[in-house]
Amino acid sequence: MTATVKVLIADDQPLVRRGLALMLGPEPDFDVVAEASDGAEAVRLAHERRPDVVIMDIRMPVLDGIAATERLTAELPGCRVLALSTFDMDEHVVAALRAGACGFLPKDISPEDLVAALRVVRDGEAILAPRLLTRLISTHVTGPDRGTTRAARTASADAEGLTPRERDVWQLIAGGLDNTEIADRLGVSASTVKNHITGLFAKLGVRDRAQAVIAAYETGLVTARHGK
């Protein structure tokens, strides 16, 4: 049998918290173990209840969702965070991804999509459509000409050890291609692409696809096109 996934919901709006909890109520493989009204409470409850996934609102009082995500991913590395945002092109979503969130959900998500997203996260994947991820990050991530974060500088140094094929895969990920499309483009199998991605992530020191795309833009591997 599939193990029950423990979920913590953090949002400063009680109706949103209850709505999300009610969506998960009929699903036997999910258990909402706690609800938090701010980021500090989310961190405290996560340490107490040890959820597998935290649905984290970005904008909350006391401690915002970005800072809370950064703490959780550092202090509880086995806990995965899904950012929750009203707007899918919110620059704060990128900040949450930088902090370690493995994707984001819109607040108007359907019950079916919520359950599907949590199952993807349960299986260790990031939940964000590749092209939406690229569009979001290219809009809000600055390149090396405007200064890079410490994480970007680290990724840039680590990128020196990439093989040519790993660099190709990284560039295609940053271009919004999924694994199947990358395999078709390179003329290899999907399992080979997955192996390259595993090595790529390890060398870059990134957790998932979202952080790999951010690093690609911040190191200048790819350049944002804003249509200006």
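The model shown is predicted, which means the values in this text are computed figures rather than measured ones. (Residues numbered from 1 in each chain as written. Predicted model: local features only at pLDDT ≥ 70, side-chain atom pairs only at ≥ 80, totals over all residues. Heavy atoms only, no water.)

Trainee: Report on the side chain of Arg17, specifying residues and quantitative values.
Mentor: By secondary structure assignment, the location of Arg17 is in helix α1 (residues 14-24). Polar contacts involving the side chain of Arg17 include one to the main-chain carbonyl oxygen of Asp11, which spans 2.6 Å. Aside from chain neighbours lying at most four places away, what touches Arg17 is Ile9, Asp11, Asp12, Glu35, Ala36 and Ser37. (Helix = DSSP H or I, 4+ residues; strand = E, 2+ residues; numbered from the N terminus. Polar contact = N/O pair within 3.5 Å; in protein donor to acceptor, adjacent residues only side chain to side chain. Contact = heavy atoms within 4.5 Å.)

Trainee: Outline the pattern of salt bridges, supporting the account with residue identities and numerical values.
Mentor: Inspection of the entire model under this criterion finds eleven salt bridges. Arg119 serves as the salt-bridge partner of Asp29, at 3.1 Å between the closest nitrogen and oxygen. One end of the pair, Asp29, is in the loop between α1 and β2 (30-36); the other, Arg119, is in helix α5 (residues 111-122), and 90 residues separate them in sequence. For Asp29, a relative accessible area of 11% puts it in the buried group. Note that Asp168 and Arg165 form a salt bridge whose closest N and O atoms lie 3.8 Å from each other. One end of the pair is Asp168 and the other is Arg165, both in helix α8 (residues 164-174) and three residues apart, which spans about a single turn. (Salt bridge = Lys/Arg side-chain N within 4 Å of Asp/Glu carboxyl O. Buried < 20%, exposed > 50% of the residue type's maximum accessible area, 1.4 Å probe, protein only.)

Trainee: Could you give an account of the pairing of β2, with specific residues and numbers?
Mentor: In terms of strand pairing, strand β1 (residues 5-10) meets β2 through six bridges, oriented parallel. By the bridge assignment, Val5 is partnered in β2 with Phe30. (Pairing = 2+ DSSP bridges.)

Trainee: Outline the nonpolar core, supporting the account with residue identities and numerical values.
Mentor: Counting 30 residues, the largest nonpolar core has Leu8, Ala10, Val54, Met56 and Leu72 as its most contacted members. Contributions of two or more residues to this core are made by β1, β2, α2 (39-49), β3 (53-57), α3 (65-75), β4 (80-85), α4 (91-99) and α11 (209-218). Among the elements that make up this core, the one with the highest residue count is α4 (five residues). Each residue touching Val54, except ones within four places of it in the same chain, is listed here: Leu8, Leu72, Cys79, Arg80, Val81 and Leu82. (Core = buried A, V, L, I, M, F, W, Y, C linked by side-chain atoms within 4.5 Å.)

Trainee: Quick one: what's the story with the pairing of β4, residue by residue and with numbers?
Mentor: The buried fraction of β4 amounts to six of the six residues, a majority that puts the element mostly inside the structure. One ladder, built from five bridges, connects β3 with β4; its direction is parallel. The residue bridging Val54 from the neighbouring strand is Val81, located in β4. Direction of pairing for β4 relative to strand β5 (residues 104-106): parallel, over a ladder of three bridges. From the neighbouring strand, Ala83 faces β5, where its bridge partner is Phe104.

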